[in-house]
Amino acid sequence: EIDLSVGSMLALDGGFSVIIFNMTNSIVLTFLFAVLFGAFCGLINGVMVGWIQMPAFIVTLATMLIYRSFAQYFCQHVDKALIGGGSSVYKMANSQSSYQTLYNFGNGKVSTIPIVGLILIIMTLVFVYITTSTKYGKKVYAVGSNMKGAQMAGINTAAVKISVFVIAGALVGIGAFLWIAMNASADPATTGNSYEMYAIAAAVLGGISMSGGKGKCLGILFGAMSYTIIDKIIVSLKMDSLINNAIKGIILLIVIMVQIVGPQIKQKFKKAE
């Protein structure tokens, strides 16, 4: 399936997490809220896709609009003290005693390696293990490759789909927590803007099949890193930054074309032999 709501979910979750931090002055409670609220947003998507069986594209397109709208609405209508005194941006109150600790965590390094980078590596390893060495991971691949076959094998496909969307939401929650830790704020209008496209592109570039059931989590890491490398190359070549997304889009189309045309060419060669 596909989830177009992750960018808007990041903005909403990040904004609400700022409010929780300003209310509680607790890093732990802020983290727990971010993860649980993200999982709840994912659950909404999952229930509609997995249980009600609505098309994921339409469901997540709708929630993308809803989450972004809520993030902007509450930023304008909630007590200004809860959003750090900002007018259009959720800001962590720097008067809180835990403010500097959280900010240092988000921007800290361990032997020159950013802490957020270490978390990325750890999370990647966790999901590599889940997808390759657990029954649950095998069920996810089975549902992705052949849902009817998975049902006949006794797999509760609705539950698997719901769980995947919940996990995606929880991961967005972790991302939202790290976002406010790094930036001390969340802009409901721009935070996570177009991130749903970058997420899809990272998955495709990482070798994940658009038809489902194929690909590895480790590939997604390199897919995400490849986009960062593209940014660096554009900067080093002193190209206009406005052409950045065009280059990424062209690369994405080429990769998808290779995924589709590649197997067809192989089949033709086999027939010719």
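Within each chain, residues carry numbers counting from 1 in the order of the written sequence. Since the coordinates come from a predicted model, pLDDT governs what is reported: local features require at least 70, and pairs of side-chain atoms require 80 or more to be given and counted, while whole-chain, interface and lining totals use all residues. Hydrogens and waters are ignored; side-chain quantities use all the structure's heavy atoms.

**A word on the environment of V78**
Here is step 1: Along the chain, V78 turns up in the loop between α3 (56–77) and β1 (90–91).
Here is step 2: Only heavy atoms matter for contacts: two residues are in contact if any of them lie within 4.5 Å across the pair. Once residues lying within four places of it in the same chain are set aside, the contact partners of V78 are I19 and I83. Working definition: helices are DSSP H or I runs of at least four residues, strands are E runs of at least two. Numbering for both runs from the N terminus.

**Structural notes on the packing of helix α5 (residues 115–133) against helix α8 (residues 157–183)**
Here is step 1: Relative orientation of the contacting elements α5 and α8 amounts to 170 degrees, with a least axis distance of 12 Å. Here α5 lies roughly antiparallel to α8, going by the angle between them. Across the interface between the two elements, V116, I119, M123 and F127 of α5 pack against I167, L171, I174, L178 and M182 of α8.
Here is step 2: In terms of residue class, the contact of α5 with α8 is built from nine nonpolar, no polar and no charged. Only the contacting stretch of a helix is used when fitting its axis, a line to C-alpha atoms as for every element, and angles between N-to-C directions run 0 to 180 degrees. Comment on the angle field: the value is read as roughly parallel under 35 degrees, roughly antiparallel over 145, roughly perpendicular from 65 to 115, and oblique elsewhere. Just so you know the grouping, Ala, Val, Leu, Ile, Met, Phe, Trp, Tyr, Cys and Pro go in nonpolar, Asp, Glu, Lys and Arg go in charged, and all remaining residues, Gly too, go in polar.

**Focus: the confidence of the model for the protein chain**
Here is step 1: Overall, the predicted model of the protein chain reaches an average pLDDT of 91, with 100% of residues at or above 70.
Here is step 2: Per-residue confidence from the predictor is reported as pLDDT, which spans 0 to 100. Ranking the helices and strands of the protein chain by mean pLDDT puts helix α2 (residues 27–51) first, with 98, and helix α11 (residues 244–272) last, with 79.

**A few points about helix α4 (residues 99–107)**
Here is step 1: Three exposure classes are used, based on accessible area relative to the maximum for each residue type with a 1.4 Å probe and protein chains only: buried under 20%, partly exposed in between, and exposed over 50%. Among the residues of α4, those classed as buried are Y99, L102 and G106. The arc that holds the buried residues of α4, viewed along the axis, is 75 degrees, so those residues lie on one side.
Here is step 2: Elements that come into contact with the buried residues of α4 comprise α1 (6–24), α2, α5 and α8. Note: the arc covers the axis-to-C-beta directions of the helix.

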